[in-house]
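# Coordinates in review
One letter stands for each residue in the lines below.
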Protein chains: 2
Amino acid sequence: MNSVSFPLSKRATGATSSVIREILKVTERPDVISFAGGLPSPEGFPHDQIKAAYDTVLTQQPKVALQYSPTEGYRPLREWIVSDFKTRGVDIGVDNVLIVSGSQQALDLIGKLFIDEGSKVVLESPSYLGAIQSFNQFAPTYATIPTDEQGLIPDGLTDEIAKDARFIYALPNFQNPTGRTLKLERRIALVKRCAALNLPLIEDDPYGELRFEGEALPGLYALSQQHGGTVIRMGSFSKVLAPGMRIGYIIAPEAIISKMVQLKQATDLHTSTITQMAVYETIKNGFLDTHLPQVRELYKRQCTYMLEALDEHFKGIDVQWTRPTGGMFIWLTFNEQVNTTELLPRAVEEQKVAYVPGQPFYPLAEKTITNHLRLSFVTVPEAKIRQGVAGLSQIFK
Amino acid sequence: MNSVSFPLSKRATGATSSVIREILKVTERPDVISFAGGLPSPEGFPHDQIKAAYDTVLTQQPKVALQYSPTEGYRPLREWIVSDFKTRGVDIGVDNVLIVSGSQQALDLIGKLFIDEGSKVVLESPSYLGAIQSFNQFAPTYATIPTDEQGLIPDGLTDEIAKDARFIYALPNFQNPTGRTLKLERRIALVKRCAALNLPLIEDDPYGELRFEGEALPGLYALSQQHGGTVIRMGSFSKVLAPGMRIGYIIAPEAIISKMVQLKQATDLHTSTITQMAVYETIKNGFLDTHLPQVRELYKRQCTYMLEALDEHFKGIDVQWTRPTGGMFIWLTFNEQVNTTELLPRAVEEQKVAYVPGQPFYPLAEKTITNHLRLSFVTVPEAKIRQGVAGLSQIFK
């Protein structure tokens, strides 16, 4: 069934179903407590507001909402993003903004824009699995820079690593998979270093608005306005509004946006008109100012439940974990003898608990690193978090 | 502004803004009568039904509608497509259906699935410009087979043309740009020939439901069930419901769908959940059975207005045009001295009328073919059709 009798492209021949995808299939079973998902909590979806927004759009502008529209995106939504960034002191214009069909499409367009077969791409180690999968479509080679508790280490971006690289891809806030946040000095150092190297810096920030503790740090795009260099920033409404709408955006210099518009036109013409209009209608009058604090409060509670459960049940186990101040994920590091990939089937079968093993987040030979796992704290209710973490601890004892 | 100081991929360096795109910009001016667009008529959008569908979905299943969902697509919509095809005698299962973000994304996924740099792709000559642009992203080489009044000529698919080709791409119904329909004997001959060659056949059918005259002919996918071979069929709700939603689908053998799912996951995770659900909610109870006859009636009237205007105003000009029995387009063929690309600026400036010149629809050296143009008859009201065609005739006299 899974073979064909005619030639496919190298990328299709090489593509294998993702580990996360296969895991998610197993964990759809209702008896499994899944910490594996990257899904935001549906408790945070403002469905009444979104329903009202669709109704308004389809009452007031049905012919616009249902028709083809410009590849760049719905102009009022792009303007909203411009003014939102102005309030954070970031100076952009509407021609710096492209609306995309979710952040994953931003990754696809970045791959299309930069990667020829064999081009070098620099990643944090570990990095977001969905980005690795997306870039893999264009057959790059990877180089990595190391990370620690404070995020990626800018000095790791050596001349050797940077040589002939097309870009570096980084998640500065509550990184997926580690939950770690890049500290300010390192942000500045990274932006300066990339500027000196003339190396485009991709800033992926799906979780920045989900900070539930401490002060927000300036983003890499904002810092590039002071320190130079080219930053391409990816943002998304998936975590602040709802992922099922599939609306994200790219902020970049005009010359980059203009190339990306051409690529997006060939890719899917444009993102759903009606969905863009509904997002704009939902948020245009400051809705997120009251909505986001509620989401943050929810995520903070969820994170606290999981950290408490880890403190209680993982006592005496040789393991450390991150204590995120936002986002969705906690990252566990066991001693090097532990293989979380091999233990996953046991966790699911014996304890009915699922997680994502750390291995696939490592793009390189580092794939031999097996002693990590990622837990999402956002979708499972409190009692199940405690029960699931207790079960998990049995596997690692 | 349009240059960057660091290397981009070859595809991005080569990408140029499309001719159609640039024309559409000019023709957004309200004083221009545009026959250039490929837009369906907003008069045919069933906005009340779609508004009610969104309301139902967001009232009954808000947490599903706003959450991430499987890459394959919303299962009830896939099942609807299966049963819709069953009513036409085409036997498919749900695993033969992938929902995509509009037909343009189907083209992107087909390119990703089949094309390595330099791979040969076979097109009709002329062929759909958006497909050429999409395939160009993956740097194929092209071979073409000739067409006449009855559509593509299957004997043109010689061993030499087919040798090492990855696929052939064809629009059998009311082709874009010519409006021509492939006749039955040729459909059968094409399917058999591709089967004998073991050459995948891509059937793009956005306009099939817009037949306003004569009997529907069996599709290539349907014929492959009798005559063998591998057909990948692209369909869309853009022309039967509304393009601003961006919902299309691919029907193919399971082994193909399964590879495409992997590619789509890396491309945009999945198509908007809420939009898929709203499409399903709109059509699930047979809505299209009453809606489509109205759209066909509208398009038939519009086509008649334009054919009448051509008969009246183009008398005495050395030109022929197609008389479509469905779809959106009429294709004009002048004598070989006429250059429609060069005349376009005069048509817009002097007569305030826009069309799409034929040149960009030719993928090859045939780009020297300059004596065609495409007119859309669907969006311009009757009086303006007459006025615009009269104006146009002045340019070609």
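These numbers come from a predicted model, not from an experiment.

Moving on, we come to the overall build of chain A. The helix and strand inventory of chain A stands at 15 helices and 14 strands. Its C-alpha atoms give chain A a radius of gyration of 21 Å, within 12% of the compact-globule value 21 Å for 397 residues. Each principal axis of the C-alpha atoms in chain A carries an extent, and together these give about 60 × 55 × 50 Å. A fraction of 74% describes how many contacts in chain A between residues 6 or more apart in sequence connect residues 24 or more apart. On chain A, roughly 14,300 Å² of surface is accessible, and the fraction owed to carbon and sulfur atoms is 50%.

On to the interface of chain B and chain A. Counting from both sides, the interface comprises 83 residues of chain B and, opposite them, 83 residues of chain A. Summing both sides of the interface, chain B and chain A together bury roughly 7,100 Å²; the carbon and sulfur share of this comes to 56%. There are four salt bridges connecting chain B and chain A. Here K112 of chain A makes a salt bridge to D108 of chain B, at a shortest N to O gap of 2.6 Å. Summed over the shared surface of chain B and chain A, the result is 39 residue pairs in polar contact (both at pLDDT 80 or more). Contributions of two or more residues to the side of chain B that touches chain A are made by α1 (10-14), α3 (47-60), α4 (62-65), α6 (103-114), α7 (129-136), α11 (254-268) and α12 (273-283) of chain B. A total of twelve residues in the side of chain B that touches chain A trace back to one element, the largest contributor, which is α11 of chain B. Residue composition of the side of chain B that touches chain A, grouped by class: 33 nonpolar, 33 polar and 17 charged.

The subject of this paragraph is the sheet that holds strand β11 (residues 329-334) of chain A. Residue and element names in this part refer to chain A. Spatial strand order, β10-β11-β14-β13: four strands in an open sheet with antiparallel pairing. If you trace the sheet from one side to the other, it starts and ends with β10 (319-321) and β13 (356-357), each paired once. The sheet contacts of helix α13 (residues 287-313) involve β10, β11 and β14 (372-376), and relative to β11 the element is tilted by about 20 degrees.

We now examine the environment of G219 of chain A. All names here are of chain A. By the element assignment, G219 lies in the loop between β7 (201-204) and α10 (220-227). Look at G219 and you get buried, because its relative accessible area is 15%. Separated by 150 residues in sequence, G219 and I369 place their C-alpha atoms 30 Å apart. Excluding residues within four positions of it along the chain, G219 makes contact with R187, E203 and R233.

Turning our eyes to something else, we now look at the packing of α3 of chain B against α12 of chain B. Residue and element names in this part refer to chain B. Close contact between α3 and α12 brings their axes to 8 Å; oriented N to C, the two are set at 120 degrees. Accordingly, the angle class assigned to the pair α3 and α12 is oblique. Handedness of the crossing formed by α3 with α12: right-handed. Contacts from Q49, I50, A53, Y54, T56, V57 and L58 in α3 reach I274, T275, M277, A278, E281 and T282 in α12. Looking at the contact of α3 with α12, its residues break down into eight nonpolar, four polar and one charged.

Let's shift gears to the pattern of salt bridges. Inspection of the entire model under this criterion finds 48 salt bridges over all chains. Across the pair R323 of chain A and D311 of chain A runs a salt bridge, and its minimum N-O distance is 2.6 Å. Here R323 of chain A is found in the loop between β10 and β11, whereas its partner D311 of chain A is found in helix α13, with twelve residues between them in sequence. On the basis of relative accessibility, which here comes to 35%, the residue D311 of chain A falls in the partly exposed class. Taking the shortest distance from any N to any O, the salt bridge between D31 of chain B and K352 of chain B comes out at 4.0 Å. Of this pair, D31 of chain B sits in the loop between α2 (19-27) and β1 (33-34) while K352 of chain B is found in the loop between α14 (340-351) and β12 (353-354), placing the two residues 321 residues apart along the sequence. With a relative accessible area of 30%, K352 of chain B lands in the partly exposed category. When salt bridges with common partners are traced through the structure, they connect D84, R88, E209 and R296 of chain A into a single cluster.

This paragraph deals with the domain arrangement of chain A. Residue and element names in this part refer to chain A. We note that the domain assignment places domain 1 (10-46 + 289-396) and domain 2 (48-285) within chain A. Taken over C-alpha atoms, the centre of domain 1 sits 24 Å from the centre of domain 2. Listed by partner, the interface residues are 32 residues for domain 1 and 36 residues for domain 2. For the pair domain 1 and domain 2, the two sides together bury roughly 3,000 Å², of which 64% comes from carbon and sulfur. A salt bridge links E209 to R296; the nearest nitrogen and oxygen atoms lie 3.1 Å apart. On the surface where domain 1 and domain 2 come into contact, there are 13 residue pairs in polar contact (both at pLDDT 80 or more).

On to the relation of the copies chain B and chain A. When chain B is fitted to chain A, the best match, at an RMSD of 0.0 Å, comes from turning it 180 degrees and sliding it 0.0 Å along the axis. The relationship between the two copies is best expressed as a two-fold rotation axis. Most of the interface of chain B is mirrored in chain A: 100% of its interface residues are interface residues there too.

Our focus in this paragraph is helix α9 (residues 184-197) of chain A. Residues and elements named next belong to chain A. Relative to the 20 Å expected for 14 residues at 1.5 Å per residue, α9 spans 20 Å between its end C-alpha atoms, a close match to the ideal helical length. Within the span of α9, buried status applies to R186, R187, L190, V191 and C194. For α9, the angular spread of the buried residues around the axis is 135 degrees, confining them to a single face. Turned more than 90 degrees off the buried face of α9, the exposed positions are E185 and A196. Against the buried residues of α9 lie β4 (141-148), β5 (151-152), β6 (165-170), β7 and α10.

So, on to unusual backbone geometry. In the segment running from S125 of chain A into P126 of chain A, the intervening peptide bond is cis, with an omega of 5 degrees. If you trace the backbone, P126 of chain A turns up in the loop between β3 (120-125) and α7 (129-136). For K352 of chain A, which is not glycine, the phi torsion reads 55 degrees and is therefore positive. Located in the positive-phi region is D164 of chain B, a residue other than glycine, with phi close to 60 degrees. Of the residues examined, D164 of chain B reaches a relative accessible area of 60% and is grouped as exposed.

What follows deals with the sheet that holds strand β14 (residues 372-376) of chain B. Residues and elements named next belong to chain B. Here we have four strands laid out as an open sheet, ordered β10-β11-β14-β13, and antiparallel in their pairing. The sheet is open, and its two borders are formed by β10 (319-321) and β13 (356-357), each paired with just one other strand. Relative to β14, strand β11 (residues 329-334) runs antiparallel, the two sharing five bridges. If you follow T333 over to β14, its bridge partner there is H372.

Take the packing of aromatic side chains next. Geometry of an aromatic ring pair is reported as the spacing of the ring centres plus the angle between the planes. Taken as a whole and assessed by the stated rule, the structure comprises 29 aromatic pairs over all chains. An angle of 85 degrees between the planes, with centres 6.3 Å apart, marks the rings of F85 of chain B and Y249 of chain B as edge-to-face. Here Y249 of chain B lies in strand β9 (residues 248-251) and F85 of chain B lies in helix α5 (residues 75-87), a separation of 164 residues in the sequence. Per residue, the accessibility class of F85 of chain B equals that of Y249 of chain B, and both read buried. An aromatic cluster is built from F6 of chain A together with F114, F135, F167 and Y169 of chain B, whose rings are joined through pairwise contacts.

Residues and elements named next belong to chain A. With respect to the secondary-structure elements, R186 resides in helix α9. For R186, a relative accessible area of 14% translates into the label buried. Not counting the four nearest positions on each side in its chain, R186 is found in contact with D148, Q150, G151, L152, I153 and P154.

About the cut-offs
Residues numbered from 1 in each chain as written. Chains lettered and ligands numbered in written order. Predicted model: local features only at pLDDT ≥ 70, side-chain atom pairs only at ≥ 80, totals over all residues. Heavy atoms only, no water. Helix = DSSP H or I, 4+ residues; strand = E, 2+ residues; numbered from the N terminus. Rg over C-alpha atoms; globule rule 2.2 N^0.38 Å. Contact = heavy atoms within 4.5 Å. Areas by Shrake-Rupley, 256 points an atom, 1.4 Å probe, with all protein chains shown as cover. Buried area = accessible area lost by both parts, 1.4 Å probe. Salt bridge = Lys/Arg side-chain N within 4 Å of Asp/Glu carboxyl O. Polar contact = N/O pair within 3.5 Å; in protein donor to acceptor, adjacent residues only side chain to side chain. Nonpolar A, V, L, I, M, F, W, Y, C, P; charged D, E, K, R; others polar. Pairing = 2+ DSSP bridges. Axes fitted to C-alpha atoms, helices over the stretch in contact; angles between N-to-C directions. Buried < 20%, exposed > 50% of the residue type's maximum accessible area, 1.4 Å probe, protein only. Parallel < 35°, antiparallel > 145°, perpendicular 65-115°, else oblique. Left-handed = near helix turned anticlockwise from the far one by under 90°. Domains from an automatic or database assignment. Least-squares fit on C-alpha atoms with pLDDT ≥ 70 in both. Expected span 1.5 Å × (residues − 1). Arc of directions from axis to C-beta. Phe/Tyr/Trp six-rings, centres within 6.5 Å; stacked < 30°, edge-to-face > 60°.

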